[in-house]
Every structure is written in C-alpha cells, then in structure tokens.
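# Overview (structure and organization)
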Amino acid sequence: MAAGKWIGGFLGFMTGGPLGALAGFALGALFDKGLDSVNEDSSNQQAYAHSNRSYEGQRNSFMFSLLVLASYIIKADGRVMHSEMELVRQFLRQNFGEQAKQQGEEILLKLFEQQKRLGMAEYRTVIQDSCHQIRANMAYEQRLQLLNFLVMIAQADAVVSPEEIAALKEVAIHMGLSVEDVIQMLNLRSGSSATSSLDDAYKVLGIAPSATNDEVKAAYRKMALKHHPDKVAALGEDVRKAAEKKFQEINDAKEKIFKARGL
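The shown structure was predicted, so the numbers you read here are calculated from the model rather than taken from an experiment. (Residues numbered from 1 in each chain as written. Predicted model: local features only at pLDDT ≥ 70, side-chain atom pairs only at ≥ 80, totals over all residues. Heavy atoms only, no water.)

Turning our eyes to something else, we now look at the overall build of the protein chain. Helix and strand content of the protein chain: twelve helices and zero strands. Moving toward the C terminus, one meets the helices and strands of the protein chain in the order α-α-α-α-α-α-α-α-α-α-α-α. The proportion of buried residues among the 263 residues of the protein chain is 50%. By sequence separation, contacts in the protein chain at least 24 residues apart represent 76% of the contacts at least 6 residues apart. Approximately 12,100 Å² of the protein chain is accessible, and the part contributed by carbon and sulfur atoms is 52%. (Helix = DSSP H or I, 4+ residues; strand = E, 2+ residues; numbered from the N terminus. Buried < 20%, exposed > 50% of the residue type's maximum accessible area, 1.4 Å probe, protein only. Contact = heavy atoms within 4.5 Å. Areas by Shrake-Rupley, 256 points an atom, 1.4 Å probe, with all protein chains shown as cover.)

A few words on the pattern of salt bridges. A full pass over the atoms with the stated rule returns five salt bridges. One salt bridge in this structure joins Glu-86 and Arg-89, with 2.9 Å as the shortest N-O distance. Pair noted here: Glu-86 and Arg-89 are both in helix α4 (residues 82-96), with a separation of three residues, about one helical turn. When its relative accessible area of 23% is taken as the criterion, Glu-86 is described as partly exposed. For Glu-170, the salt bridge goes to Arg-124, with nearest N and O atoms at 2.7 Å. Separated by 46 residues along the polypeptide, Glu-170 in helix α8 (residues 162-174) and Arg-124 in helix α6 (residues 120-137) bring together distant segments of the chain. Classification of Arg-124 as partly exposed rests on a relative accessible area of 42%. (Salt bridge = Lys/Arg side-chain N within 4 Å of Asp/Glu carboxyl O.)

Quick look at the nonpolar core now. Membership of the largest hydrophobic core comes to 68 residues, with the highest contact counts inside it found for Leu-69, Val-171, Met-175 and Leu-205. Considering each element in turn, this core owes the most residues, eleven residues, to helix α3 (residues 42-74). Sequence-distant contacts of Leu-205, defined by excluding residues within four places in its chain, comprise Gln-184, Val-216, Ala-219, Tyr-220, Met-223, Ile-250, Lys-254 and Ile-257. (Core = buried A, V, L, I, M, F, W, Y, C linked by side-chain atoms within 4.5 Å.)

Below, the discussion takes up the packing of aromatic side chains. Inspection of the entire model under this criterion finds one aromatic pair. Measuring from centroid to centroid gives 6.1 Å for Phe-62 and Phe-149, while their planes differ by 80°, and the two rings are edge-to-face. With a gap of 87 residues between them, Phe-62 in helix α3 and Phe-149 in helix α7 (residues 140-154) connect regions that are remote in the sequence. Judged on exposure class, the residue Phe-62 and its partner Phe-149 are both buried. (Phe/Tyr/Trp six-rings, centres within 6.5 Å; stacked < 30°, edge-to-face > 60°.)

At Ala-158, a residue that is not glycine, the phi angle is positive and equals roughly 70°. Note that Ala-158 resides in the loop between α7 and α8.

Our next topic: the confidence of the model for the protein chain. Note that predicted coordinates carrying low pLDDT should not be read in detail. Of all residues in the protein chain, 77% have pLDDT values of 70 or greater, and the mean over the chain is 78. Least confident of the elements in the protein chain is helix α1 (residues 3-14), whose mean pLDDT is 52; most confident is α8, at 96. pLDDT under 50 marks residues 34-51. Its contacts with residues more than four places away, or in other chains, come to eight contacts. (pLDDT = per-residue confidence, 0-100.)

With 15 residues, α7 extends 21 Å from end C-alpha to end C-alpha; this agrees with the ideal 21 Å at 1.5 Å per step. The buried fraction of α7 is high, at twelve of 15 residues. What α7 keeps buried is the set Gln-142, Arg-143, Leu-144, Gln-145, Leu-146, Leu-147, Asn-148, Phe-149, Leu-150, Val-151, Ile-153 and Ala-154. (Expected span 1.5 Å × (residues − 1).)

What follows is about the environment of Ala-21. Summarising the element assignment, Ala-21 is placed in helix α2 (residues 17-40). Overall, Ala-21 belongs to the exposed group, its relative accessible area being 53%.

Relative to the elements of secondary structure, Asp-181 occurs in helix α9 (residues 179-191). The class of Asp-181 is buried, set by a relative accessible area of 4%. For Asp-181, the side chain forms a polar contact with the side chain of Ser-178, separated by 3.0 Å. With sequence-adjacent residues up to four places away left out, Asp-181 is seen in contact with Tyr-140, Leu-144, Leu-147 and Lys-226. (Polar contact = N/O pair within 3.5 Å; in protein donor to acceptor, adjacent residues only side chain to side chain.)

Structure follows, in structure tokens:
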C-alpha cells in the first residue's frame, strides 16, 4: 500500500479534528517516502481512487482509527508487549499486505512517540476526542468491530490488566458503545472454548442463568443482529471473516444454553 493511499483514502472521512492532527504527525514521514512512487503512477492511482474512493476510504479510516486506539490500549498498563504488537502486525499483513504491515508499525511507533511527548493525561484527551470523531463518522456496527479488535489486542498476551479493561471501557463509552459491549467481548473467547462453563455462555449473551427461555432467545437475537458479519462487509473480506469468527462464538454460546435447557 503506497503512503499516498493511506493519506488520500481517509482524509475525506476524517479531515481535521484530533484524528487529522495525529495523521499529520504519524503519516508525514511516510508520505514523504512515498511521494516519488505515487507520482510515477499518478494516472493509475487517480483512476483507482475515482472508482474505489468510498471503499478505500472506509477501510483506511477504520485501520487508522484502529492504530490510534491501539496505541492507547497497548500502553494502558505502561508496557508494550511483543504479543500485542505482533497481533497488530498480523492483522495489517492479512488485510493489506507486507508493505502495509511495515507502514502500520511505523505509524504505531510514531503514535507512541506522540503519546510520550504529550504525556498520558493530554494524550488521553486526544483519544477521547478521537473517539467522538469516530462516533460521528463510522457506522455503529463498524465501531463494534473496531472495539472487538481492540479487545483482541488486549487479550493477546493472555492477561487483560485492570488498566486495559478500564481503557477499553473508556474508549467504548466515548465511541457511543457500552461497558456491556466490552464485558461481552471479553467473555467471547472463554465462551467459545470447548471446556468453557455454561456460566461463560450466559456472559457472552449478557444475561443471567436465571433468565427465562424467552429472555435467552431475545438476547441471542439482539447479539446476532448487532454482530452479523454482513454489516461490516464494506470494510473488506478479511474484516468480515474476523466478524464471522465472533458471530460463530455467539452461536456456540447460544447452542450451549439451548442444549442445557432442552430447547
């Protein structure tokens, strides 16, 4: 992915505001590096941009938002874990290729640098303002998927610290989501395990074991509707596949409960 596509793809979506300021800081060096290659193929890129502007813009906006929020979640406990960075690298590689993985890592390191320069308190304000901007520009289902990836990053080292949980809840609220969304996503991994308990399955659906059969069915329908993979299809097949995995975990939790109740 040429640097020009990172920039041109999302500026129409997030011009100005805190995300625009972070982009100017994090992407300036990449843009300078990529200017020559972008100019050499300008006619092809213009044709590509014209026919794919909306699709490319959504994907790049989503990916840059992910990197910005990941920079906050990863350092919430004061450490940068190799496993968390590797998960981000893998996601970028799978979705955009090796060049995008390298550029994405450079962007993330730049964001860490900006976080250190500003200090945690000021950077936290920037993140909150960025969440408000994401909320205003990104569909609800896409924000849910963005939160899901952030939860996966926090879980990458198999230990989610209290600081990371607090940061996830903070980000969710400012993006117009809920604390319950965070709790359910944190429970998805245990709920999908073959050895998980029935209690885990109830947690995935966000209900108590004392819920009635009708309440169980209603909770499942609500979760299935919120997290259906088709609702993030505009972000690309790889993002849709990640959503399918989460959707399957929700179905697994439902089947466990239904089986226990004889439904």
